[in-house]
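Commentary on secondary and tertiary structure
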Protein chains: 2
Amino acid sequence: MTIKGKATSLDIAHLAGVSQPTVSRALRGSPMVNEETRRRVLAIAEQLNYKVDKNASSLRRQHSGTLALLLFEDPTSDESHINPFFLPMLGSITRACARHGQDLLISFQQLSHDWHADYGDSNKADGLILLGYGDYLAYQGKLRKLVEQGTLFVRWGAVLPDQPGISIGCDNVGGGRLAGAHLTELGKTRVAFLGDASSHYPEFHDRYQGCDEVLREAGHALDPALQIDAESSEDSGYAAAQALLGRGIAFDALFAASDLIAIGAMRALSERGLRIPEDVAVIGFDDIPAARIATPTLTTVFQDTTLAGELLVDTLMKQVRGEAAESMRLPTSLVVRKSTLLCSS
Amino acid sequence: MTIKGKATSLDIAHLAGVSQPTVSRALRGSPMVNEETRRRVLAIAEQLNYKVDKNASSLRRQHSGTLALLLFEDPTSDESHINPFFLPMLGSITRACARHGQDLLISFQQLSHDWHADYGDSNKADGLILLGYGDYLAYQGKLRKLVEQGTLFVRWGAVLPDQPGISIGCDNVGGGRLAGAHLTELGKTRVAFLGDASSHYPEFHDRYQGCDEVLREAGHALDPALQIDAESSEDSGYAAAQALLGRGIAFDALFAASDLIAIGAMRALSERGLRIPEDVAVIGFDDIPAARIATPTLTTVFQDTTLAGELLVDTLMKQVRGEAAESMRLPTSLVVRKSTLLCSS
DNA sequence: CTGAAAGCGCTTACAG
DNA sequence: CTGAAAGCGCTTACAG
């Protein structure tokens, strides 16, 4: 018997001398099938290189075994630049999906577009993973809509009290405190902050807050005149540092809301002839691979992206299975490198 | 009329007072449907937030509108490290898929695993995009199997004469020539090569060949004693450079088979007190973002990953539509930075 | 333990 | 231009 095209469960049924439903049961390991029948079916399936048709199966079962990852691009950034911070997260997410037996759809979206309608409703995916920074206030309405529609999702980002849906994020305030405490120990008192610290960017805002808290406790709060808006890119960090220098206000340390900002800023500082860390100590946030390559190597607040990816998937799968799930805040830690390594200390 | 759960085309049919097939036709823009009927159907569909069920549609049409991206991980490298070279390619591929109206499944695989069986047969994807370097000879058998099965695919990698299936790759020989010519112009005559130059790694092999060709023409061929195996990672590059230094053979330039290798090697050279480029000029390959961050900034051979991603998708889609498609070799260009910028030149 | 039947939600000949 | 019918390949009650 030759089979044209792909083998179906019916083909196997014929060859095994059983009904098609029995093939289906045997294949999915149902306990109500004779052990010998199962073996026979499995052998034939293997030989025919049979694979269950995903579409038919998903249609019948009314769920897809697929998760969708939506990665938001910064609309202002150059097309080809994805925040490298998300790369290991992406790796971790794909691996976690594989462990859960889920396929992963991936899509890049502009935060402003109509992504919120597309995935859940077409049954392409059972749940959504939302990744990427952006203007949170603009974002929030869409999250609310997802909740209304009954679309399951988790997002990576700041965990806020009144938030629609479930979020996994790092402890940004805690991370900011680590940075502030480290700079204080170094004897730095005039700390500048590079990054949008408004409520539109809650992650950056919390990092600012945390750092400010500690500095305040030490008696020298962050001077708002030393805060410059920047988004997470090298160019933006470079420009922000130049703007900062242009203000002509003295500072002896720089806390950047992300490593990319920090790396851009270090370039601007070096070009001005400032020594790092002697004149200005610099701390970033994220611990992307480039932090180890930069000159000087960059002290930064580490976020565990591997763990984050796993938790995103685990949490989403809980929801898919109808179990309770909740938002989580992950701890951060400080990685000290040469950009804050003073010889005197 | 309230509809429990998701709206189906039948729900719309009832509301619009037409048959369900007519709804289907109207939605997919069939020309054989009355303009007024179409408008009515579309309005209702929009109002109900209706989306065509992907599974049902794919099942019926016997293709999925989905492409699968298999990214091969280097088994020897640390879990969380994906070659950053592939990041912009990934971005470009997802965008190209969107333009073609295709969904993109993503999966990380070990080159050694049974990925070749899974995707095509289960109708999850209409075609495969294969990304990632690895031992080509081990790989080749699986490619042949894909061809036999009739699975459609394109891969990123060296374009070789006797190769199963279609490949898109850069002109590695040409890239090697650019590097060799540049070093020759600088007056360098003792060029070392870091990277596996065997036929197991055709990309690296071709880069070696191209460089060697030009040097030969200039009268000072690559000395095989100055070639050290390395795979594309910083640590491997660091170790290879140390091994090279350990050989005690003089060299005045270093061509690394990838930027990651080059960056690791520069670290080893600096630690030995060698000046770059005065003592040793260094050239990498790929032009990853880190090349601009390294100290000194790294001269390298640029591969157009954005174009590559687009061509991979375009070529695969041609195959899906049953059109002719063929392998392509993309041009490279040299990006000169400080690691080869001699004051004298 | 197994089979006959129904149905998931579409698309596409086939009639009219 | 539209509708009735069939069928894509599964899974899952329902009988036996």
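Let me sum up the structure you'll find in this document. (Residues numbered from 1 in each chain as written. Chains lettered and ligands numbered in written order. Predicted model: local features only at pLDDT ≥ 70, side-chain atom pairs only at ≥ 80, totals over all residues. Heavy atoms only, no water.)

Describing the sheet that holds strand S10 (residues 299-303) of chain B
Residues and elements named next belong to chain B. Basically, it comes down to this: Strand pairing requires that DSSP identify at least two bridges connecting the strands. Every helix listed is a DSSP run of H or I at least four residues long, and every strand listed is a run of E at least two residues long, numbered separately from the N terminus. Every residue pair with non-hydrogen atoms within 4.5 Å of one another is taken to be in contact. For every element, the axis is a line fit to its C-alpha atoms; helices are fit only across the contacting stretch, and the angle between N-to-C directions ranges from 0 to 180 degrees.
Strand order in the open sheet formed by six strands is S7-S6-S8-S9-S10-S12, with mixed pairing between adjacent strands. Looking at which strands have only one partner, the edges of the open sheet turn out to be strand S7 (227-228) and strand S12 (332-335). Alignment of strand S6 (residues 191-194) against S7, held across two bridges, turns out to be parallel. Within S7, the position partnered with phenylalanine 193 by the bridge is glutamine 227. Helix-sheet contacts for helix H8 (residues 172-185) involve S6, strand S8 (253-256), strand S9 (281-286), S10 and S12, and the interaxial angle to S9 is about 165 degrees. The strands that helix H9 (residues 202-217) touches are S6, S7, S8, S9 and S10; relative to S6, the one it contacts most, it runs at about 170 degrees.

Regarding the interface of chain A and chain B
How large an interface is tends to be reported as the accessible area lost when its parts come together. Note the following rule: Accessible area that two parts lose when put together, with a 1.4 Å probe and added across both, is what the buried area reports. In the sections that follow, a salt bridge refers to a side-chain nitrogen of Lys or Arg positioned within 4 Å of a carboxyl oxygen of Asp or Glu.
Tallying the contact residues gives 45 residues for chain A and 45 residues for chain B. Around 4,200 Å² of area is buried between chain A and chain B when both sides are counted, 56% of it from carbon and sulfur atoms. Of all residues in chain A, the largest losses of buried area upon contact with chain B belong to Asn55(A), Arg95(A) and Ile293(A), amounting jointly to 16% of the total for that side. Notably, a salt bridge pairs Asp103(B) with Lys124(A), separated by 3.3 Å at the nearest N-O pair.

What to know about the protein's contact with DNA strand D
Applicable threshold: The cutoff for a nearby residue is simple: one of its non-hydrogen atoms must lie within 4 Å of the molecule or strand. Whenever a nitrogen or oxygen atom comes within 3.5 Å of another N or O atom, the pair is scored as a polar contact, on the condition that within protein one atom can donate a hydrogen and the other can accept it, and that pairs from neighbouring residues in sequence are kept only if both atoms are in side chains. Under this grouping Gly is polar, as are all residues other than the nonpolar Ala, Val, Leu, Ile, Met, Phe, Trp, Tyr, Cys and Pro and the charged Asp, Glu, Lys and Arg.
Taken together, 27 residues surround DNA strand D, and among them Ser9(A), Ser24(A), Arg28(A), Arg60(A) and Arg25(B) come closest. Sugar plus phosphate: this is where 59% of the atoms of DNA strand D within 4 Å of the protein reside. With respect to DNA strand D, the side chain of Thr37(B) contributes an N or O atom lying 2.8 Å from a phosphate oxygen. Every element with two or more residues in the surface near DNA strand D is listed here: helix H2 (20-27) and helix H4 (54-61) of chain A together with helix H2 (20-27) and helix H4 (54-61) of chain B. Among the residues making up the surface near DNA strand D, the classes are represented as ten nonpolar, ten polar and seven charged.

Comments concerning the relation of the copies chain A and chain B
Just so we agree on the cut-off: Superposition of the copies was done by least squares, using only C-alpha atoms of residues whose pLDDT is at least 70 in both.
In the superposition of chain A on chain B (RMSD 0.0 Å, axial shift 0.0 Å), the rotation amounts to 180 degrees. Both copies of the chain, as the preceding transformation shows, are related through a two-fold rotation axis.

Here's the deal with the sheet that holds strand S7 (residues 227-228) of chain A
Residue and element names in this part refer to chain A. Pairing is mixed in the open sheet, where six strands are placed in the order S7-S6-S8-S9-S10-S12. Of all strands in the sheet, those bounded by a partner on one side alone are S7 and strand S12 (332-335). Of the strands in this sheet, strand S6 (191-194), S7, strand S8 (253-256), strand S9 (281-286) and strand S10 (299-303) touch helix H9 (residues 202-217), which is tilted by about 170 degrees from S6.

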